Amino acid sequence: MSQQSPWIQRFHPAPEAKNRLVCLPHAGGAASYFHPVSAALSPGLDVLGIQYPGRQDRRTEPVLTSIEQLADGVHEALASWLDRPLTIFGHSMGAMVGYELARRLTKAGQPPVTLIVSGRRAPDRYRDESIHTRSDAGVIAEIQRLGGTDAQLLSDPELRAMVLPAVRGDFQAVETYRHTDGPRLECPVYALLGDSDPMATREETERWAAHTTGAFELKTFTGGHFYLGDHAPAVIATIRDHIARLTA
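Basis of the calculations
- Residues numbered from 1 in each chain as written.
- Predicted model: local features only at pLDDT ≥ 70, side-chain atom pairs only at ≥ 80, totals over all residues.
- Heavy atoms only, no water.
- Buried < 20%, exposed > 50% of the residue type's maximum accessible area, 1.4 Å probe, protein only.
- Helix = DSSP H or I, 4+ residues; strand = E, 2+ residues; numbered from the N terminus.
- Pairing = 2+ DSSP bridges.
- Axes fitted to C-alpha atoms, helices over the stretch in contact; angles between N-to-C directions.
- Parallel < 35°, antiparallel > 145°, perpendicular 65-115°, else oblique.
- Contact = heavy atoms within 4.5 Å.
- Salt bridge = Lys/Arg side-chain N within 4 Å of Asp/Glu carboxyl O.
- Left-handed = near helix turned anticlockwise from the far one by under 90°.
- Nonpolar A, V, L, I, M, F, W, Y, C, P; charged D, E, K, R; others polar.

1. With respect to the pairing of strand β6 (residues 189–194)
Here's step 1: The buried count for β6 comes to 6 of 6 residues, which makes it a mostly enclosed element.
Here's step 2: Sheet analysis places strand β5 (residues 115–118) next to β6, joined by 4 bridges and oriented parallel. Its bridge partner being in β6, Ser118 is matched across the sheet by Leu192.

Laid out in C-alpha cells, this is it:
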C-alpha cells in the first residue's frame, strides 16, 4: 500500500494505534503546527498532519484558493490511510476543510469517527470579510490581530515574501466559501472555542449542530482565536479523551 503524498506528514508513526487523527491547519498554517500534538498523542493515536500546497516543503507549488479544492486534495491523499477508524481535527480554516472532507468521506461510505472543529463558526454562517483583497500591510495587520504568526517573522522581508502568498490564498478560500446543500454528516461534531475569539461567537459555533445527524458538543476555553497555544495540554487531552470515548 503506497502512502507517500506531499499532503501528509507523519511525524511520529504509530503503526500499532487503533485510530488515526488527521489534523488540518489554519490559514497560513502548516503541518508542523501539529508536531507537538503528534508527539503527545503517539503511540496511542496515529497522527497525520496535513500540508497544504504553497508552504514549507511545498512552497514552490501553487496555492489553492478554494476550500473545495483543498478538501479534494486531502481526500485523494488519504485514500491509502483509511484502513483504521479516522477522526478529523481542524482549526479555523482547517475546520472548514475538515467539514468538506467529512462530507466527501461520508459520501464515499467511509465516514469519520468524529469531526472536531476549533475556532470556526458553522459553515453556513458568513461575515462580510475581504482580508485577501487588502494590501500586504493589511493582511499582516489581520494576522497580528489574531495572533497566529510571530510578528518578528513577518518583519523579515524575505520570510514575509515566502509566507504572505499562502496566507492571502487561504484567506481567499475562507472568505469566498459558500455552503452547498446536501446530506448532513452522520458523525458526531465536537466544537472547541476560545471564549473571546473574534472570528466566532458561541451562537455561530453552536450552529454546527445543524450540520450533523449525530451528537453535538461544545467546549470553551479562555482566550482568543489561538487559545490552543495557552491550553495545549488541555486541548490535546480533550481530543484524546473524545476519541477514546467514541471508540471504546
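2. Structural notes on the packing of helix α4 (residues 136–146) against helix α6 (residues 157–176)
Here's step 1: It is the contact of α4 with α6, at a shortest axis distance of 11 Å, that shows an interaxial angle of 80°. Between α4 and α6, the angle is such that the two are roughly perpendicular. Contacts from Asp136, Val139, Ile140, Glu142 and Ile143 in α4 reach Arg160, Leu164, Val167, Arg168 and Phe171 in α6.

3. Concerning the pattern of salt bridges
Here's step 1: Under the counting rule described, the total for this entry stands at 18 salt bridges.
Here's step 2: Residue Arg125 pairs with Asp124 through a salt bridge whose shortest N-O separation is 3.8 Å.
Here's step 3: In this structure Asp124 comes out as buried when scored by relative accessible area, which is 16%.
Here's step 4: Asp241 serves as the salt-bridge partner of Arg240, at 3.5 Å between the closest nitrogen and oxygen.
Here's step 5: The class of Asp241 is partly exposed, set by a relative accessible area of 40%.
Here's step 6: Connected through salt bridges with shared partners, the residues Arg10, Arg20, Asp46, Asp83 and Arg84 form a single ionic network.

4. Topic: the packing of helix α2 (residues 67–77) against helix α3 (residues 93–107)
Here's step 1: At a closest axis distance of 9 Å, the pairing of α2 and α3 adopts a crossing angle of 60°. When the axis of α2 is compared with that of α3, the two are oblique. Regarding α2 and α3, the two cross each other, and that crossing is right-handed. Counting all contacts with α2, which are made through Ile67, Glu68, Leu70, Ala71, Asp72, Val74 and His75, the residues of α3 involved are Met93, Met96, Val97, Glu100, Leu101, Arg104 and Leu105.
Here's step 2: Tallied by class, the residues present in the contact of α2 with α3 amount to 9 nonpolar, 1 polar and 4 charged.

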